[in-house]
Amino acid sequence: MKKILFVCKVSKITGTGHIRRAAFLSKFLESKTKILFFGDKSIGENICSEAIYIKSYIDIFNEINRFKPNWIVMDRQKNSSNLIKRLKKSGTKILLIEDDSFAGKYADIVWDANVKIKKDGYITGFEKVLLNPKVFDHKKKKYNDSAGSIFICLGGTDINQNIPFLIKNLSDKGLYLHVFPGSRYVEYLKYKKADVKIYNEKENIFHIARQCDIAIVSGGITMYEMVYLGIPTIVWPQVYHQKNNTLQLLEKNIIKIADSKQEILKVIMSFVDKTEKYYEFLSFIKDLSIGNGIKDFKNILEG
């Protein structure tokens, strides 16, 4: 049996998507796996109870000696070239996910669905995005002619606290808001109203999303999941790299994007007021090839 070691970071700035991805990839594989994470200990352990908190890269080498992995999967780390070269000396293969440093040339594989490049050792393009396998249990949404229900998820920490802004400006307008605030669940319960429902992280996010007519997301993995489900998606990037994540989908007119509070309200209301038609916006989404990457990921690591 192969052994796979995942390493990622969790914080209010980097978000929680990377440890979530490590968790569902770990469960999808048939190999023996371990997850190590840096950053915010309380947030990381709340999301993935089996993950092990580490304070420095020295802990990775200690775990290599104990666990002896065949592969190390590092999810969006600012990896130095020297670190990757040192890890390679252990005889372990390295796969980097969404690594935007110069260390990629020393890894065995770089996996980045947010870019489209042709280069040996690089697996890229939104078709290869690594989606939570649970999303495949849900059929694509059928189009409605109007928007009355809105799904809102601005990352696992809502770092800029924009969800309260959206609730304030969208409630009492005949809309129903389904809000996933991540680690701010308890804090945001005070915003619960007749037309605003606040969900905790244990709820089935895909089942809830399919009940909605529009999705407002921040540009991480959830963006791709909403597109896979066929939900008209508006992206409001919350951290610097998320805008880059949208470029391929924007080029194909699969999503809409907003960069400010004023612009996000304008884009949302263009759907509500029917000036933006669903069938024109996502006319080919039902045939879009997206989310095929996870099977390739499994075959590479366990093949």
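Up top is the structure these notes are about.
Residues numbered from 1 in each chain as written. Predicted model: local features only at pLDDT ≥ 70, side-chain atom pairs only at ≥ 80, totals over all residues. Heavy atoms only, no water.

Caption draft 1: Focus on the environment of Lys202. Mapped onto the fold, Lys202 is located in the loop between strand 10 (196-198) and helix 7 (205-209). Once the C-alpha coordinates of Lys202 and Asp296 are considered, the two residues, 94 residues apart in sequence, prove to be 28 Å apart. (Helix = DSSP H or I, 4+ residues; strand = E, 2+ residues; numbered from the N terminus.)

Caption draft 2: Summary view of unusual backbone geometry. Notably, Glu98 is not glycine yet its phi reads approximately 50°, a positive angle. Located in the positive-phi region is Gln161, a residue other than glycine, with phi close to 50°.

Caption draft 3: View of the packing of helix 1 (residues 17-28) against helix 13 (residues 293-302). At a minimum axis distance of 11 Å, the contact between helix 1 and helix 13 shows a crossing angle of 60°. Here helix 13 runs oblique to helix 1, going by the angle between their axes. Along this stretch, helix 1 crosses helix 13, giving a crossing that reads as right-handed. Between helix 1 and helix 13, the residues in contact are Phe24, Leu25 and Phe28 and Ile294, Phe297 and Lys298, respectively. Here the residues of the contact of helix 1 with helix 13 are counted per class, giving five nonpolar, no polar and one charged. (Axes fitted to C-alpha atoms, helices over the stretch in contact; angles between N-to-C directions. Parallel < 35°, antiparallel > 145°, perpendicular 65-115°, else oblique. Left-handed = near helix turned anticlockwise from the far one by under 90°. Contact = heavy atoms within 4.5 Å. Nonpolar A, V, L, I, M, F, W, Y, C, P; charged D, E, K, R; others polar.)

Caption draft 4: Structural context of the pattern of salt bridges. One pass over the structure, following the stated rule, counts 14 salt bridges. A salt bridge links Glu201 to Arg20; its shortest N-O distance comes to 2.2 Å. Here the residue Glu201 occupies a position in the loop between strand 10 and helix 7, and Arg20 occupies one in helix 1, the gap between them amounting to 181 residues. Exposure remark for Arg20: the relative accessible area of 29% places this residue in the partly exposed category. Between Lys243 and Asp259 there is a salt bridge, with the nearest N and O atoms lying 3.1 Å from each other. Taken as a pair, Lys243 in helix 9 (residues 240-245) and Asp259 in the loop between strand 13 (255-257) and helix 11 (261-272) lie far apart in primary sequence, 16 residues in all. The exposure class assigned to Asp259 is partly exposed, which follows from its relative accessible area of 44%. Taken together, the shared-partner salt bridges connect Arg21, Asp75 and Glu98 into one network. (Salt bridge = Lys/Arg side-chain N within 4 Å of Asp/Glu carboxyl O. Buried < 20%, exposed > 50% of the residue type's maximum accessible area, 1.4 Å probe, protein only.)

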